[in-house]
Amino acid sequence: MVGLPGGTFVMGSDAHYPEEAPAHRVRVDAFAIEAVPVTNERFAAFVRDTGYLTVAERPADPADFPGAPAENLVPGSLVFTPTSGPVDLQHLSQWWAWTPGACWSAPEGPGSSVKRRRDHPVVHVAHEDAHAYADWAGLDLPTEAEWEYAARGGLEGTTFTWGNEARPGGRIMANTWDGPDFPWRSTKESGYTRTSPVGSFPANGFGLQDMAGNVWEWTDDWWNGHPEDAASPCCVPDNPRGGDLEQSYDPRQPQFPVGRKVVKGGSHLCADSYCLRYRPAARRPQMIDTGMSHVGFRCVRREASAA
């Protein structure tokens, strides 16, 4: 754990995606955060100790997915599958495949394994899986404000966790998609096409690694837009939290009343030409019952002595 003193910082951005605006000042208390995401090795220790079964390893309840084909109600998860050539980037289903048997210990489905990826971030964890791990470890999941404060590493208003240049001096700073041809062809400049061992890229100013790219990370805040008056100079909120469960539902899918939490940090699938979200201000909604092959987490400890 890395102890952080807390303080006031500018959260969000007015320069990129609309869900990040408005940029506004907030204050967070001192806390400690894990220097890297939770790894397969650490998650395996939790499973051995508790016998925990992740959401991806349980059959789905047909009542929660009306009209879903029976073959999709078996244990499994969503796995990134590169396409054979250029596709319309408006349709995510072209590169995400529901894969029976995919889970944290078999990231690409039956036949795959994490035995040689013990130091990679655990994936295919739904929000309740991350929460269960945090409870076992005596920790918590971060709020969005805590996560973003930590990701910024003490830099005020920069685009990335390390500054404003995507590749300062030509150096690759995070595990993201290499090249413009997402989702079908990567230049493999970074040496990785999926997850990478935690800590493979430079730390930010707080000594935290993988706060950009590799895997999206769960926070404990319900998805909601930043309040329109968030940038008002009248007050700076202390330890702000997101919306509530009902506000977080996806209005485009009213048939699925599944809450969504905020995920942060981007992943190895972030391509500048498609998803410039490996930035501290970036944020996306993730259904709490859905783990994917690019979503993981890290934990925090909230103590007055954390600094």
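Residues numbered from 1 in each chain as written. Predicted model: local features only at pLDDT ≥ 70, side-chain atom pairs only at ≥ 80, totals over all residues. Heavy atoms only, no water.

Peer 1: Which residues make up the sheet that holds strand β7 (residues 216-222), and what values go with them?
Peer 2: Reading across from one edge, β9-β8-β7-β10 is the order of the four strands in this open sheet, with mixed pairing throughout. Two strands bound the open sheet, and with one partner strand each, they are β9 (283-287) and β10 (295-296). Inspection of the sheet shows β7 paired to strand β8 (residues 260-264) by three bridges, in the antiparallel sense. Across the sheet, Trp-218 pairs through a bridge with Val-263, a residue of β8. Its contacts with the sheet place helix α2 (residues 127-137) against β7 and β8, and it is angled at close to 90 degrees to β7. (Pairing = 2+ DSSP bridges. Helix = DSSP H or I, 4+ residues; strand = E, 2+ residues; numbered from the N terminus. Contact = heavy atoms within 4.5 Å. Axes fitted to C-alpha atoms, helices over the stretch in contact; angles between N-to-C directions.)

Peer 1: Can you explain unusual backbone geometry? Please cite residues and give values.
Peer 2: Cis geometry is adopted by the peptide bond preceding Pro-22, which originates at Ala-21 and carries an omega value of 0 degrees. Along the chain, the position of Pro-22 falls in the loop between β2 (7-11) and β3 (24-28). Notably, Asn-214 is not glycine yet its phi reads approximately 70 degrees, a positive angle. Looking at the element boundaries, Asn-214 is found in the loop between α3 (144-152) and β7. Residue classification places Asn-214 among the buried positions, given a relative accessible area of 0%. (Buried < 20%, exposed > 50% of the residue type's maximum accessible area, 1.4 Å probe, protein only.)

Peer 1: For the nonpolar core, give the residues involved together with the corresponding values.
Peer 2: The tendency in soluble globular proteins is for nonpolar side chains to be buried side by side. Phe-43 and Phe-297 are the most contacted members of the largest nonpolar core, which has 38 residues in total. Elements represented by at least two residues in this core include exactly α1 (40-50), α2 and β7. Excluding residues that lie within four positions of it along the chain, Phe-297 makes contacts with Pro-37, Val-38, Phe-43, Val-122, Val-125, Ala-130, Tyr-133, Leu-141, Trp-216, Glu-217 and Trp-218. Among the nonpolar cores identified, the runner-up in size contains 15 residues, and Val-28, Phe-31, Ala-151 and Leu-208 belong to it. (Core = buried A, V, L, I, M, F, W, Y, C linked by side-chain atoms within 4.5 Å.)

Peer 1: Go over the packing of aromatic side chains with me, naming the residues and quoting the values.
Peer 2: Pairs of aromatic rings are described using the distance from one ring centre to the other and the angle between the two planes. Applying the stated rule across the entire model yields 22 aromatic pairs. Plain terms: the ring middles of Phe-9 and Tyr-149 are 5.5 Å apart, the flat faces sit at 55 degrees to each other, and that makes the pair tilted. One end of the pair, Phe-9, is in strand β2; the other, Tyr-149, is in helix α3, and 140 residues separate them in sequence. There is no split in this pair, since Phe-9 and Tyr-149 are both buried. (Phe/Tyr/Trp six-rings, centres within 6.5 Å; stacked < 30°, edge-to-face > 60°.)

Peer 1: Help me get a handle on the side chain of Asp-129, residues and values and all.
Peer 2: By secondary structure assignment, the location of Asp-129 is in helix α2. Classification of Asp-129 as buried rests on a relative accessible area of 0%. A distance of 2.6 Å separates polar atoms of two side chains, one belonging to Asp-129 and the other to Tyr-52. (Polar contact = N/O pair within 3.5 Å; in protein donor to acceptor, adjacent residues only side chain to side chain.)

Peer 1: Can you explain the sheet that holds strand β11 (residues 300-301)? Please cite residues and give values.
Peer 2: The strands making up a sheet are joined through hydrogen bonds of the backbone, oriented either antiparallel or parallel. Ordered in space as β1-β4-β11, the three strands form an open sheet in which the pairing is antiparallel. At either margin of the open sheet sits one strand with a lone partner, and together these are β1 (2-4) and β11. Taken together, the three bridges between β1 and strand β4 (residues 31-33) define a ladder with antiparallel strand orientation. The residue of β4 that forms the bridge with Val-2 is Ile-33. Sheet strands touched by α3: β1, β4 and β11. Its angle to β4, the strand with the most contacts, is close to 70 degrees.

Peer 1: Can you explain α1? Please cite residues and give values.
Peer 2: Taken residue by residue, α1 has Asn-40, Phe-43, Ala-44, Phe-46 and Val-47 as its buried positions. Seen along its axis, α1 keeps its buried residues to an arc of 160 degrees; they face one direction. Turned more than 90 degrees away from the buried face of α1, the exposed residues are Arg-48 and Asp-49. (Arc of directions from axis to C-beta.)

Peer 1: I'd love a proper account of the pairing of strand β5 (residues 76-80), names of residues and values included.
Peer 2: With four of its five residues buried, β5 lies for the most part within the structure. Two strands pair when backbone bridges link them, and β5 and strand β6 (residues 96-100) are joined in this way by five bridges, in the antiparallel orientation. Paired with Ser-77 across the two strands is Thr-99, which belongs to β6.

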